[in-house]
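Residues per chain are reported as follows:
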Amino acid sequence: MRHHKYNPDYRFLEAPEDFNKYTDRSDLQYCLGATMYMPGTKDFFEAILNCKYPGLTSMVMCFEDACDEADVPRAERNCIELLDKINEAMDKGLFDYANLPLLIFRVRSVEQFKEFARMLRPEHIPLITGFNFPKFNAVNGARYFGLLEEYNEKFGEILYGLPILEDRRVAYKETRTEELIAIKRILDERKELVLNIRVGGTDFSSIFGARRDINYTIYDIMTVRDILMDILNVFTRDNDYTVSGPVWEYFRMNKSMKFQSKLQSVDLKESLLGRKPVVNDAVDGLMRELILDKANGFVGKTIIHPSHIVYVNGMLAVTREEYEDAYQILHAQSGGVVKSRNGNKMNEIVPHHRWAERILHRAQAYGVIENESAYLKLFGVAQ
């Protein structure tokens, strides 16, 4: 896979690199980007075979929230059939493994994880990147990862875990710190198997009877904002883990809409944070939240509509100024402070080191563009 295939003519200063499930974890954890969730009952084979969504690089087939409990057996069979069809298409030369999105299954519970894993055969495993573990906590976490370790050993392959933090012990202030630290201990013992940590913004909101509308970001919902900040505080220290941002619930796209040339000169950040219209309220709200996601340390975002792909992955591209600052910091011969190549800021070699590492990982995954005005050109035609 490679990001931004929806805009093959775009000229990057540094092009994004190819990746697949076997890419080193230290790089792959930055590659998930826009991860699209869909019910496990959905027949998605033709969409994969025909690369219907050229920007889609990671996807989740869900047995939990997106799937009624009575439909789980049907969803499991459908997902096994999907794996079989992909393998058959590759055997016949109809599909190239390089075009396979990172494929993740969101299990429903520890028991359902066991049941689904019993259905898997060795030929399925190269197609699977990992499993989402919902309502992940200090009680079920070790069981999930214990089973994952068993399956890695059984198949002699790499299968990652992607825990989802969304339950009440994380939400409630009086239990949050103890719970997050307990979860981190579980993950630290199996760090090489943790690809990404996901957060349930909708679940957290529902606990407090809240829901952000189209004109707000998740950071405007104060109870949820505090939870997210504590999660980032615990898990992104020293770049230990990547944490992806919560889903944006709104979409409104005209499939034939193209960005007008006058938009190419828009100062995207200034317009969005100043609440000046850019595309439409749904897309502007998503991009506004993406700006804040990046500023706070989230990498990637859960999505529920393919129209979001170009914006989530596009805004993860790195500007020339960011790239040059990061390169300067990581290649300095000594510590101290140096003036940036742009001459507009100081780069402190030690304090900015981890920021620079993240920037270069993002540059490798999503490419380098000239400046923030180039984001709209990278988005190209709205999908």
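Note that the coordinates shown come from a computational prediction; the quantities given were computed from them, not determined experimentally. (Residues numbered from 1 in each chain as written. Predicted model: local features only at pLDDT ≥ 70, side-chain atom pairs only at ≥ 80, totals over all residues. Heavy atoms only, no water.)

Novice: Mind showing me how you'd approach the overall build of the protein here?
Specialist: Secondary structure assignment for the protein yields 15 helices and eleven strands. Taken over C-alpha atoms, the radius of gyration comes to 21 Å for the protein, in line with the 21 Å a tight globule of 383 residues would show. Of all 383 residues assigned to the protein, the portion counted as buried reaches 55%. Intrachain contacts of the protein at a sequence separation of at least 6 include 76% that bridge at least 24 residues. (Helix = DSSP H or I, 4+ residues; strand = E, 2+ residues; numbered from the N terminus. Rg over C-alpha atoms; globule rule 2.2 N^0.38 Å. Buried < 20%, exposed > 50% of the residue type's maximum accessible area, 1.4 Å probe, protein only. Contact = heavy atoms within 4.5 Å.)

Novice: What am I meant to see in the sheet that holds strand 2 (residues 58-62) here?
Specialist: Whenever strands of a sheet pair, they do so through backbone hydrogen bonds, lying parallel or antiparallel. Read across the sheet, seven strands follow the order 6-5-4-3-2-1-7 without closing on themselves; strand pairing throughout is parallel. The open sheet is flanked by strand 6 (198-199) and strand 7 (301-303), the only strands paired with a single partner. (Pairing = 2+ DSSP bridges.)

Novice: In this structure, what is going on with the nonpolar core? I would like to understand it.
Specialist: Nonpolar side chains tend toward joint burial in soluble globular proteins. If you look at the biggest cluster of nonpolar residues, it comprises 114 residues, and the most contacted ones within it are Phe105, Phe131, Ile231 and Phe235. Beyond its immediate stretch of four places on either side in the chain, Ile231 contacts Leu165, Val170, Leu180, Val199, Phe204 and Val243. (Core = buried A, V, L, I, M, F, W, Y, C linked by side-chain atoms within 4.5 Å.)

Novice: What exactly am I supposed to notice about the pattern of salt bridges here?
Specialist: A side chain with one charge may pair with a side chain of the opposite charge, provided their charged atoms come close. Using the criterion set out here, one finds 35 salt bridges in the structure. In this structure, the salt-bridge partner of Glu111 is Arg143, at a minimum N-O distance of 3.3 Å. Of this pair, Glu111 sits in helix 4 (residues 110-119) while Arg143 sits in helix 5 (residues 141-155); the two residues are 32 residues apart in sequence, bridging distant segments of the chain. A single salt-bridge network, built from bridges that share partners, covers Glu64, Asp65, Arg106, Lys135, Glu166 and Asp203. (Salt bridge = Lys/Arg side-chain N within 4 Å of Asp/Glu carboxyl O.)

Novice: Is there a simple way to think about unusual backbone geometry in this case?
Specialist: Comment: phi is negative for the bulk of residues other than glycine, and the bulk of peptide bonds are trans. Positive phi, normally seen in glycine, also occurs at Asp238, with a value near 55°. Topologically, Asp238 is positioned in the loop between helix 9 (222-235) and helix 10 (268-273). By relative accessible area, which is 48% here, Asp238 ends up partly exposed. Positive phi is not limited to glycine here, since Asn239 has a value of about 60°. Its location among the elements puts Asn239 in the loop between helix 9 and helix 10. In this structure Asn239 comes out as buried when scored by relative accessible area, which is 16%.

Novice: Just to check I follow, could you spell out helix 7 (residues 173-188) for this structure?
Specialist: Because an α-helix packs 3.6 residues into every turn, residues spaced three or four apart end up facing the same way. The first and last C-alpha atoms of helix 7 sit 23 Å apart over 16 residues, in line with the 22 Å expected at 1.5 Å per residue. Every buried residue of helix 7 is accounted for by Thr175, Arg176, Glu179, Leu180, Ala182, Ile183, Lys184, Ile186 and Leu187. On its buried side, helix 7 packs onto helix 5, strand 5 (160-165), helix 6 (168-171) and helix 9. (Expected span 1.5 Å × (residues − 1).)

Novice: Explain helix 4 here, please?
Specialist: Within helix 4, burial applies to Val110, Gln112, Phe113, Phe116 and Ala117. Down the axis, helix 4 shows its buried residues gathered within 155° of arc, on one side only. Next to the buried residues of helix 4 lie helix 3 (72-91), strand 3 (102-106), strand 4 (130-133) and helix 5. (Arc of directions from axis to C-beta.)

Novice: Would you mind going over the packing of aromatic side chains with me for this structure?
Specialist: Given two aromatic rings, one states the distance between the centres and the angle between the planes to describe the pair. Under the criterion given, the structure shown has 19 aromatic pairs. Summarising the aromatic geometry, the rings of Phe44 and Tyr53 are spaced 6.2 Å apart at their centres and angled 20° between planes, so their arrangement reads as stacked. Through pairs of rings, three or more aromatic residues link up here, namely Phe63, Phe105, Phe113, Phe116, Phe131, Phe133, Phe136, Tyr144, Phe145 and Tyr151. Against the face of Tyr241 rests Lys191, its NZ or CZ located 5.5 Å from the ring centre. (Phe/Tyr/Trp six-rings, centres within 6.5 Å; stacked < 30°, edge-to-face > 60°. Lys NZ or Arg CZ within 6 Å of the ring centre and 35° of its normal.)

Novice: It is not clear to me how the pairing of strand 3 should be interpreted in this structure. Could you clarify?
Specialist: Residues in a regular strand project their side chains so that they alternate between the two faces of the sheet. For strand 3, the tally of buried residues reaches five of five residues, placing the bulk of the element in the interior. Alternating residues of strand 3 divide into Leu102, Ile104 and Arg106 and Leu103 and Phe105, and every residue in both groups is buried. As judged from the five bridges shared by strand 2 and strand 3, these two strands associate in the parallel manner. Paired with Ser58 across the strands is Leu102, a residue of strand 3. One crossover worth recording links strand 2 to the parallel strand 3 by way of helix 3, and it is right-handed. Bridge count between strand 3 and strand 4: three bridges; the pairing is parallel. Opposite Arg106, over in strand 4, you have Asn132 as the bridge partner. For the crossover from strand 3 across helix 4 to strand 4, the handedness is right-handed. (Right-handed = clockwise from strand over helix to strand, strands pointing away.)

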